[in-house]
Amino acid sequence: MDNQERFRDSIGTLDEEGKRKWVYPKKPSGVFYEYRKYVSYALLIFLFTAPFIKINGNQFLLFNVLERKFNIFGFPFWPQDFYLFVIAMVIGVVFIALFTVAFGRIFCGWICPQTIFLEMVFRRIEYAIEGDRGKQIRLDKAPWTKDKILKKGTKWTIFAIISFLIANIFLAYLISSDELIKYITNGPTSHLGTFIPLLVFTAVFYFVFAWFREQVCIIACPYGRLQGVLLDQKSIVVAYDHKRGEREEGRQKFKKNQDRAAQGIGDCIACSQCVQVCPTGIDIRNGTQLECVNCTACIDACDSIMESVNLPKGLIRYASEENIEKKSKFEFTPRLKGYTAVLTILTGLLIGLLLIRSDIEAKVLRLPGQTYEMKDNGNISNVFTYKLLNKTNVEMDSIHFKLNSFNGEIKMVKKEYFSIEKGGIAKGTFFIETDPAALKDDKNKIEIEVYSKDRLIDRTTTNFMGPRTFR
Ligand code: SF4
Ligand code: SF4
């Protein structure tokens with residue numbers, strides 16, 4: 001194997017004996033880091049507030065797997081809506097694939113909760129308590145003095161508190177924020193069955209953010225492992241411009257008043273700042289690697305070096321392999337067009353299904369084994385059963401049925417107007433009576449409308465049976 005490709009034989013966080021190499025990334029700073037901070041703060045606010053936002057009484061986001069209740073953007077989804085959930089998931093997967101083909105792992109660097117919590121919450125606390133890279137290395141090597149115990153103890157305690165907080169928020173997404181607040185008010189001992197899993201989640205988050213860290217992205221994350229399949233020469237990734245960085249004479253240390261381009265010396269001054277800031281412990285100058293989460297820290301580090309030595313910025317930048325090789329621009333490839341077409345169709349389908357989805361799911365069926373009955377007044381009667389599911393989180397009252405474009409009368413067995421509690425089901429029986437003259441056939445398709453007060457909430461169809469002589 002080519003010597004230059006040797007780095008691909010092992011991951012950047014393992015030493016030659018296969019032991020974990022602890023990564024001490026230098027604290028990043030620069031334009032991208034600033035933007036990432038704003039995006040992260042916005043996403044963190046969203047993550048922590050979404051379970052407490054309600055739309056029409058529905059939690060904005062809820063994933064109650066045990067009770068099979070799901071709310072997405074305030075829309076409640078029931079097991080009956082499972083097909084919508086599947087379509088939403090398919091759209092999500094296609095979207096991520098499409099996005100990755102075009103823009104590489106931008107999601108990992110800017111949006112992924114693992115990166116946001118690790119880089120923008122836990123790591124920043126670590127920098128505040130233990131200092132930057134050099135200080136952290138020295139502290140870890142130092143004996144257990146009072147100062148070290150204090151620093152490590154403070155850091156681990158804060159990490160544990162934040163992990164507990166994240167576990168609580170996680171729980172609010174699973175069991176609803178109302179339940180969570182109720183559990184907190186009642187005290188943990190009243191709900192040990194929930195409190196113990198909460199502590200387990202806390203321990204998992206603590207383990208991930210205090211110790212496992214970048215290994216999640218490198219070893220555990222399936223999306224990270226898919227990069228090799230999804231990325232191509234045209235995908236935009238955080239890339240080192242090796243053409244400009246190396247030229248004919250390769251990398252050399254910076255010397256004042258030297259015309260590097262004229263002498264064929266690359267613009268990379270071999271300062272290794274890009275390596276020192278990397279939270280996954282790699283050298284981006286080796287090319288795109290599975291460990292790279294596109295966090296942009298190396299772009300900021302290199303830009304600041306380029307600025308200080310008066311060379312153009314962008315030696316490390318967002319670019320595709322093809323951009324760098326041919327100095328060409330981003331292109332909308334046929335593969336990308338295909339993904340976009342599929343994504344547009346699926347999104348349209350989902351929006352359409354959401355729009356036609358009603359608050360009530362109504363089913364009206366003729367009573368099995370029954371055909372029709374001739375009444376004394378000459379009318380014909382059929383008996384039907386109904387089942388209504390209230391998919392909303394509010395009680396629906398004054399529910400009643402109307403016939404649409406059919407000359408007949410609905411006679412309820414019980415109440416004409418009734419209500420259905422939130423998430424509840426109403427079942428019952430009614431008769432429809434009509435003058436035989438209204439029938440066109442022995443089997444007549446009829447439409448029944450369901451109203452809550454004056455509001456039409458669903459429509460359903462069924463058949464009205466009559467004697468064959470009416471053909
Ligand atoms: S930061 Fe830039 S100049 Fe320094 S080693 Fe990395 S690529 Fe070269
Ligand atoms: S190589 Fe650069 S973008 Fe990739 S993880 Fe390291 S610092 Fe972040």
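Residues numbered from 1 in each chain as written. Chains lettered and ligands numbered in written order. Predicted model: local features only at pLDDT ≥ 70, side-chain atom pairs only at ≥ 80, totals over all residues. Heavy atoms only, no water.

*Asks:* Which residues make up the site of ligand 2, and what values go with them?
*Replies:* Looking at ligand 2, there are 13 residues lining it, with Cys278, Cys292, Val293, Cys295 and Cys298 nearest. In a pocket analysis with a 2 Å cut-off to the grid points, ligand 2 is assigned to the largest cavity. When its residues are assigned to classes, the shell around ligand 2 shows 10 nonpolar, 3 polar and no charged. (Near = heavy atom within 4 Å. 1 Å grid on protein atoms, 1.4 Å probe; cavity = no way out; pocket = protein on both sides within 12 Å on 5 of 7 lines; lining within 4 Å. Sits in = over half its atoms within 2 Å of the grid points. Nonpolar A, V, L, I, M, F, W, Y, C, P; charged D, E, K, R; others polar.)

*Asks:* Tell me about the packing of aromatic side chains, and please be specific about residues and values.
*Replies:* By the definition in use, this model includes 23 aromatic pairs. When the ring of Phe107 is compared with that of Tyr223, the centres are 5.9 Å apart and the planes differ by 85 degrees; the resulting orientation is edge-to-face. Taken together, the residues span a long stretch of sequence, with Phe107 in helix H3 (residues 106–110) and Tyr223 in helix H10 (residues 222–225) at a distance of 116 residues. Assessed through its relative accessible area of 13%, Tyr223 is described here as buried. Taken together, the aromatic side chains of Phe48, Phe117, Phe122, Phe159 and Phe209 make up a single cluster linked through ring pairs. The ring of Trp144 is capped by Lys148, whose NZ or CZ atom sits 4.5 Å from the centre of that ring. A cation over an aromatic ring shows up here: Lys402 above the ring of Tyr451, its NZ or CZ 4.4 Å from the ring centre. (Phe/Tyr/Trp six-rings, centres within 6.5 Å; stacked < 30°, edge-to-face > 60°. Helix = DSSP H or I, 4+ residues; strand = E, 2+ residues; numbered from the N terminus. Buried < 20%, exposed > 50% of the residue type's maximum accessible area, 1.4 Å probe, protein only. Lys NZ or Arg CZ within 6 Å of the ring centre and 35° of its normal.)

*Asks:* Requested: an account of the site of ligand 1, with residues and values cited.
*Replies:* In the vicinity of ligand 1, the contacting residues are Tyr240, Cys268, Ile269, Ala270, Cys271, Ser272, Cys274, Arg285, Cys302, Met306, Leu315 and Ile316. Across the shell around ligand 1, the residue classes tally to 10 nonpolar, 1 polar and 1 charged.

*Asks:* Outline the nonpolar core, supporting the account with residue identities and numerical values.
*Replies:* Membership of the largest hydrophobic core comes to 26 residues, with the highest contact counts inside it found for Tyr240, Ile284, Cys298, Met306, Leu315 and Ile316. With 7 residues, the single largest contributor to this core is helix H14 (residues 297–308). Leave out the neighbours within four places in its chain, and Leu315 touches Ala239, Tyr240, Asp241, Arg244, Gly245, Asp267, Cys268, Cys302 and Met306. Within the second largest apolar cluster, 25 residues are counted, among which are Leu388, Leu403, Ile432 and Ile446. (Core = buried A, V, L, I, M, F, W, Y, C linked by side-chain atoms within 4.5 Å. Contact = heavy atoms within 4.5 Å.)

*Asks:* Could you give an account of the state of the cysteines, with specific residues and numbers?
*Replies:* All told, the structure shown has 0 disulfides when counted by the stated rule. No disulfide involves Cys217; its sulfur sits 6.2 Å from the nearest other cysteine sulfur, which is in Cys112. (Disulfide = S-S within 2.5 Å.)

So yeah, pure geometry; function would need other evidence.
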